[in-house]
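# Overview (structure and organization)
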Amino acid sequence: MGDHMIYSRTGKIDEDFYVLGHPAVPIYLMDGLQPIIFDAGFTILGEHYISEIEKILGSRSPAYCCITHVHFDHCGSIAALKRRYPRMLIAASEKAVEILKRPNAVDLIRHLNASAEPLVKQLGISYTSEARFEPFFIDHRVKEGDRLEISSDCHVEVFETPGHTWDCLSYRISKRNILLSSEAAGQPDKTGYVVTDCLADFNHYLASLLRFKTLEADLLCPGHIYVYKGRDVTDYLAKAEIACFDFHKTVLQIAAEENGDFDCIKQRIKRFEYDPNPGPKQPEPAYLLNLEARIRAILNTGRNTLNGYDHQA
Ligand SMILES: [Zn+2]
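Residues numbered from 1 in each chain as written. Predicted model: local features only at pLDDT ≥ 70, side-chain atom pairs only at ≥ 80, totals over all residues. Heavy atoms only, no water.

### Examining the coordination of the zinc ion
Surrounding the zinc ion are the protein donor atoms His69 (NE2), His71 (ND1) and His164 (NE2), at 2.1 to 2.2 Å. The class for His69 is buried, based on a relative accessible area of 0%. (Donors = N, O, S within 2.8 Å, 3.2 Å for Na, K, Ca; no water. Buried < 20%, exposed > 50% of the residue type's maximum accessible area, 1.4 Å probe, protein only.)

Here it is, written out as C-alpha cells:
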C-alpha cells in the first residue's frame, strides 16, 4: 500500500499494460498470449494508434478489441484497426449492436468524428488518417460475467455498467485488477472537476459508480486524460460520487430558477462546467449534445427520488 499515482501520459503504465495514442483520446493495450486492446478513439487517429500498437506487439495481432460503448470517441478507428488486424475480434454489448443499426446514430458518430479534427491539431498529435468514420461490424457480443482470456493466468471480466449510455460495458483485467470504466465513472478535467456523465439515466449512472467502488481496482481508466492508481482510485471515485449528487442538486435548482427554460439551463451549466475547462476537452457540439441528455436524465429522474439515493443498489 501507499503506492498511488495519477498518470496523464502514454506508454507503459503497469506490467504489460499500456496507454496508447494520446492521454486525451487513448486506447489501452494489455499484452499477453492473446493481447487485448480497449476502445478505438477518434477516426483521425487510426494510423497513429496502429503504429503505437506495432511498437509493442511487433508482428503479433491483438486477439480482441473490447469496446466500452459506441460513442464517437471510443469506436472511431475500429474500421482501420480491423483492416490492419483482420483476425482481431471486435467485442461490444448487444445494445451497441442495436445502436449501430440506426443510420442516424452512425451519421452522428461520423459527424462528431469530423468535428474532432481541430482538437487533434490543438493537441499537437501528428496524424495521417482521414477524419471520415467508417461503419464496422461487431464480431463478438459480450455481457455481464463473460470472460476473455489474455494468458493462462490473466483474463478480462465483463461488467454491464449503464447510465453514461445504455450500451456501456466496463472491463476488468483480473491479474492486475485494472478497471476500464470509460465515462461510466464520470469524466475528470484538469481543474479537478468531475463531469457527471449520466447521459442515459441518472440512477443507473449512480448505481454503476457505486459498483465501481466495491471492485477496489488498483488501476482505474476513466476513458480520457487520467489513469488512477492505488489510493488515487478510491479518492477519484469518492469525488465522482460527490460530484454526482452536486450536479443533480444544481440542475434541479437552476431548472427551478429558470422556470424550466431548457436553453437557459444549458447555458448556465456550460458557463461553470465547460467554459472554465482549459482542456483538452470534447468539441463543443459533442459537449452540448451530451449536456442536453444529462439535464434531461436528471429532470426525468424527478424530484421525488431525491431522498432515495442511498437506497440505490
Ligand atoms: Zn462516452
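Now, onward.
### Remarks on empty space enclosed by the protein
The tally for this structure, following the rule as stated, stands at 1 cavity of 30 Å³ or more. In this structure, the largest cavity encloses a volume near 40 Å³. In terms of lining, the largest cavity is formed by Tyr7, Ser8, Arg9, Val19, Pro23, Pro26, Tyr28, Ile225, Tyr226 and Val227. Among the residues forming the lining of the largest cavity, the class breakdown is 8 nonpolar, 1 polar and 1 charged. (1 Å grid on protein atoms, 1.4 Å probe; cavity = no way out; pocket = protein on both sides within 12 Å on 5 of 7 lines; lining within 4 Å. Points joined across faces, edges and corners; volume = space filled by probe spheres on them. Nonpolar A, V, L, I, M, F, W, Y, C, P; charged D, E, K, R; others polar.)

### Some points on the sheet that holds strand β3 (residues 17-20)
If you walk across this open sheet you meet the 7 strands as β2-β3-β4-β5-β6-β7-β8, and the pairing is mixed. Looking at the sheet topology across the chains shown, the edges are occupied by β2 (11-14) and β8 (140-141). Relative to strand β4 (residues 27-30), β3 is paired through 4 bridges, and the arrangement is antiparallel. Residue pairing across strands places Phe17 opposite Met30, the latter belonging to β4. Sheet strands touched by helix α1 (residues 46-57): β3, β4 and β5 (36-38). Its angle to β3, the strand with the most contacts, is close to 155°. (Pairing = 2+ DSSP bridges. Helix = DSSP H or I, 4+ residues; strand = E, 2+ residues; numbered from the N terminus. Contact = heavy atoms within 4.5 Å. Axes fitted to C-alpha atoms, helices over the stretch in contact; angles between N-to-C directions.)

### Topic: the pairing of strand β11 (residues 169-173)
Successive side chains on a regular strand alternate, one facing one side of the sheet and the next facing the other. Where burial is concerned, most of β11 is hidden: 5 out of the 5 residues are buried. Here β11 shows a buried face lined by Leu169, Tyr171 and Ile173 and a second buried face lined by Ser170 and Arg172. In the sheet, strand β10 (residues 154-160) pairs with β11 via 5 bridges, with the strands oriented antiparallel. Bridge pairing links Phe159 to Ser170 in β11.

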